[in-house]
Every structure is written in structure tokens, then in C-alpha cells.
Amino acid sequence: MAKDPKIVIIGAGASGIAAATKLFNHGFHDITILEAESRIGGRILSVEFAETVVDIGGQWVHGEKGNIIYDMVKDLDLITPSKLPDDQGMSFFLSDGTSPDKSLTDRLFALAMKVKDDKECAKRHGGSFASYFASEYQLRIAREFDKEDKNSWHLAHLVEQWFKKFIVLLNPAENWNQLSTTSHYVFQPCEGHQMFGWKNQGYKTIIDVMTRKNPNSQKQIDLEKLVIMNKEVTKIIWTGNKNAQVNIKCSDGSSYSGDHVIVTVSVGVLKEIYSTAFDPVLPDYKINSIRSIPLGTVDKLLLKFPHKWWADDMKDISFLWSIEEGEKLVKEFPHGPIVNGRFWLENLFSFIAIDSHPNILLAWINGPTAKLVEYLSDEFITKGAMFMLRKFAGKRFEIPEPDEILRSKWGSNPHFRGSYAYVSSKMEKSGASAEDLSKPLIVNGKPTVLFAGEATHGYLFSTVNGAMETGYREADRLIEFYRK
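This section reports on the structure supplied with the text. Because the structure is predicted, anything quoted here is derived from the model rather than measured.

### Considerations on the packing of helix H5 (residues 129-144) against helix H6 (residues 150-170)
Right, so step 1: Relative to each other, H5 and H6 sit at 155°, their axes nearing to 11 Å. With respect to H6, the element H5 is oriented roughly antiparallel. Here the hand of the crossing between H5 and H6 comes out right-handed. Together, Phe129, Phe133, Ala134, Tyr137, Gln138, Ile141 and Ala142 of H5 and Trp153, Ala156, Val159, Glu160, Phe163 and Ile167 of H6 make up the contact between the two elements.
Right, so step 2: Grouping the amino acids of the contact of H5 with H6 by side-chain chemistry returns 11 nonpolar, one polar and one charged.

### Some details on the packing of aromatic side chains
Right, so step 1: Considering all chains together, one arrives at 34 aromatic pairs under this definition.
Right, so step 2: When the centroid spacing of 6.4 Å and the interplanar angle of 55° are considered together, the rings of Phe93 and Phe397 count as tilted. Here Phe93 is found in strand E6 (residues 92-94), whereas its partner Phe397 is found in the loop between helix H13 (378-393) and strand E21 (404-407), with 304 residues between them in sequence.
Right, so step 3: Classification of Phe397 by relative accessible area gives buried; the value is 11%.
Right, so step 4: Three or more aromatic residues link up through ring pairs in this structure, and these residues are Phe92, Phe109, Phe129, Tyr132, Phe133, Tyr137, Trp162, Phe163, Phe166, Trp176, Tyr185 and Phe349.
Right, so step 5: One residue, Lys439, lies across the ring of Tyr285, its end atom 5.3 Å from the ring centre.

### Describing the sheet that holds strand E11 (residues 255-258)
Right, so step 1: Within the open sheet, the four strands sit side by side as E11-E10-E9-E13. Their pairing is mixed. Both outer strands of the open sheet, E11 and strand E13 (278-279), are each paired with one neighbouring strand and no more.
Right, so step 2: Taken together, the four bridges between strand E9 (residues 233-237) and strand E10 (residues 246-250) define a ladder with antiparallel strand orientation. Along E10, the bridge assignment pairs Lys235 with Lys249.

### Concerning unusual backbone geometry
Right, so step 1: A cis amide bond links Asp279 with the next residue in sequence, Pro280, at an omega value of 5°.
Right, so step 2: Considering the arrangement of structural elements, one finds Pro280 in the loop between E13 and helix H10 (284-292).
Right, so step 3: Notably, Asp77 is not glycine yet its phi reads approximately 60°, a positive angle.
Right, so step 4: You can see Asp77 is positioned in the loop between helix H2 (68-73) and strand E5 (79-81).
Right, so step 5: Positive phi, close to 55°, is recorded for Asn444, a residue that is not glycine.
Right, so step 6: The class for Asn444 is exposed, based on a relative accessible area of 75%.

Conventions used here
- Residues numbered from 1 in each chain as written.
- Predicted model: local features only at pLDDT ≥ 70, side-chain atom pairs only at ≥ 80, totals over all residues.
- Heavy atoms only, no water.
- Axes fitted to C-alpha atoms, helices over the stretch in contact; angles between N-to-C directions.
- Helix = DSSP H or I, 4+ residues; strand = E, 2+ residues; numbered from the N terminus.
- Parallel < 35°, antiparallel > 145°, perpendicular 65-115°, else oblique.
- Left-handed = near helix turned anticlockwise from the far one by under 90°.
- Contact = heavy atoms within 4.5 Å.
- Nonpolar A, V, L, I, M, F, W, Y, C, P; charged D, E, K, R; others polar.
- Phe/Tyr/Trp six-rings, centres within 6.5 Å; stacked < 30°, edge-to-face > 60°.
- Buried < 20%, exposed > 50% of the residue type's maximum accessible area, 1.4 Å probe, protein only.
- Lys NZ or Arg CZ within 6 Å of the ring centre and 35° of its normal.
- Pairing = 2+ DSSP bridges.

Coordinates in, geometry out; function isn't part of it.
Below, the structure written as C-alpha cells:
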């Protein structure tokens, strides 16, 4: 390189750190990372809880083939496959406190999974994913069970209602009517084991690997010298400067400049700031992508109990109820937000065990009430969670009060405004794409403003490995530019 270009990276999450470390390793040393929070990691958030470390952001390494994180750590003794019971179904409980026939619910769950994964069948059906799933599920149930088998048909209906909530955990829409028969299949998971857990210090370990702290190396990258905390960017002036530099202004009055800026904030933050932060205004295709790519909110809830009270052969406690039974929940626990007729506890549909933390259960809260639930107190959330656990599983188990509670609040945090991106039917109709979101802004032939982050990945959005790939992608873009 004729010179060491000045590069400013906005956001010290997985994609920002990935970009910075790759650039640094290729001889770019004039790098500044502006981070709005008082910590690094972004939506990687490993915290101490109940005398251990848990993740309330990204948690597992999903898949092996084509997963850059797996490739980076597989030989470092840092991850281990989940040792939870190898149960292909779920441990379902009914609202009367009983458990249905597990062999039957396992059959129904497997059938529902086949419908979900049948991409070709969904493509032939067309329309909304909700319509496809409901009709195809009913057809396959009719082939499996006699119409006079009322119990099986009733359970099939309950499993379908549970699956609605499961689908909007994978694709964090407010309801599954927002998904099409094509949008659900844009995400392409990496092949291989889907639940590798981190052995010691949680997902933040990957930051140490990227900066070469683990394993120990003589060539460690000192992030403290690169990252400036509590810098909320409010303005990016990307043309008109005599020196062809980008000028960046922060909410505290400070300003920075660089030859290039890599924007790695969430698409939720971009939605909030794009109309005022970029000068000049962004091109239409970029605005369309920011407006149309959705960012859903899924929050974690962790409860630590004084002892493990669930059975050793159970990996989860999942709740089955009908729409009518859901309406009764509101009367039994008449507290908390309701949106479009959906009660917040309806979206608290499963608790799962964490094999590395034997006394902790993990649940997710999603759907239309997720952001509103973030404003409720820990005491209130605990009461609601314990109401559900005892109502559904209290006849089988004596359930103690939890010692501690921990939860995420991604939706209400102004530096994230959501958990992870997905593809909706509205996004498809708009013509928006991750590719458009990722395109750099070119000034005088130079990639001046670059974009990274999980929402800019075409098929691995919503994942940490996807976010890291986009950071490496933009680093490669600059490396190649200066190589020319």
C-alpha cells in the first residue's frame, strides 16, 4: 500500500471486530472502532449469572460445514456438542397439568417438522407460509390418523398451535402470516451438529480467538487501542469533503474522519437513523432495503433454581394449548400486555435445559408483545413464568421458586432495536435484499461507506458466523481495492 488508509468502523460487534482484525492482519493499522455501548460484543453478550457464565445473545455454534466459527475453534478445545438427552421430539404438557402420550406427540412433531422442511411442497403451494403449513399438515394428519381418532386429531391441533410460535422463533415475525412459502427457506443452515456450546466463558470466547488471545499468540490484537466506547454516531458525511474523507459526528459532540467507514449497526438502528444520519441522503435502493428488511425481537429469559427439579431424560418443558385455552390464560393471570388479541404468556411456550448449567432453564419470549414485556419488572416476569410452569408441569413436579432471573432486552435498547433479521413476504414484495443493503457507497471510484452485519448476509442472517462473514467480506473489499 502507498499509504495506511484511515478506517473507521461503527460498531464493535461480531462483524465490526471481524472486519477490524482481518484488516489489521493485512497491514491496515490506522483503525478506529466507535462503539455506542460501554462494552464490546454487540449481540454477543456473555455475562456472569448464578456463579457461571451464560449468553443472553448468541449462544450456540450452529453447524459445522461452511461455518467459519466452527472452523476457527474446532481444534482449540473451546466448544463441545450438547449433551442434552437425544430426544427428537419435545416434552409436551397440557394446560390441565397432564402429559399427553409422548409416542404420539413425537409422531406429530416429526410430521410437523417434515412439513416445515419440505421446500418443494411449499413452493408448489405458494402464498403464505401459514396457509401452506396449515393445509399440508392437515393433509398429512388425515393420511396418518383415522377421522374417528378424536384424541390424535385434538393433539395434532395443539401441536400445530405450538408450531406457530416455534416458526416465529426461527423467523422472528410478529406472526407467521408475515412469512411466505419462499421467505422461510432463504436462510440456509450449516450442515452438521446444531448445538455446540462454549466450554468456559461463553460466546465472547470468539472475540478472543479473532484477536488471537486464544490460543495465546505473540501477535495479539489489542482491541482496547482500537475501540472507543460510548460513541453513538449521529452523522455520517460521506461526500463533499476536500480530502475525500468521511466525517463522522457523535452525540457527545466528538467527531472523527477516515478514508473509509464500515457501518455494522443493526438494520433496526439503520431504520431509526438513516433519514437524518447520512449526508447526502442514501440512494433509493439502499433506503428500500433498510425500510423493508425486518428485524424481529426475541428475548431470552433464564431462571436459576435451587436444584434441578425436572427429569434427567427431559431436554425441555413445552406447553400445548388451544386458542380457547389461551383465552382462559388471560383470566387466570390477568396481568401484562396484550397485542392484537395475543397475551404475552402465549409467547412463553417452552423452557429448555442447558446442559452446562444444570439448575437453569431457558425460555424465549417473542411475538407481538416481546418489546412490551421488556418494560415489565423481573418480579412480574418471574410470577408469569412460574404461573406457566406450575399450571402445565406442577402436577408432575414440585417446582421451587427460582433463586435468580436474567433476561435480555434487545428490542428496547436504542443501540440494537431488535434481536436478528429475517425475510418477510413484505420484504420480498418490495424487492429489497441483503445484497442491496451490503452494497458500498462509491465516491470517485473508492468504496467510501461500506455495510456489514448479520442483516447484510444473504442466507446466514440471524447468526454470529453470518455476521462475522460480512465483516470479513468488507475487509476483503478494502484489501482488494488497495491491492489494485
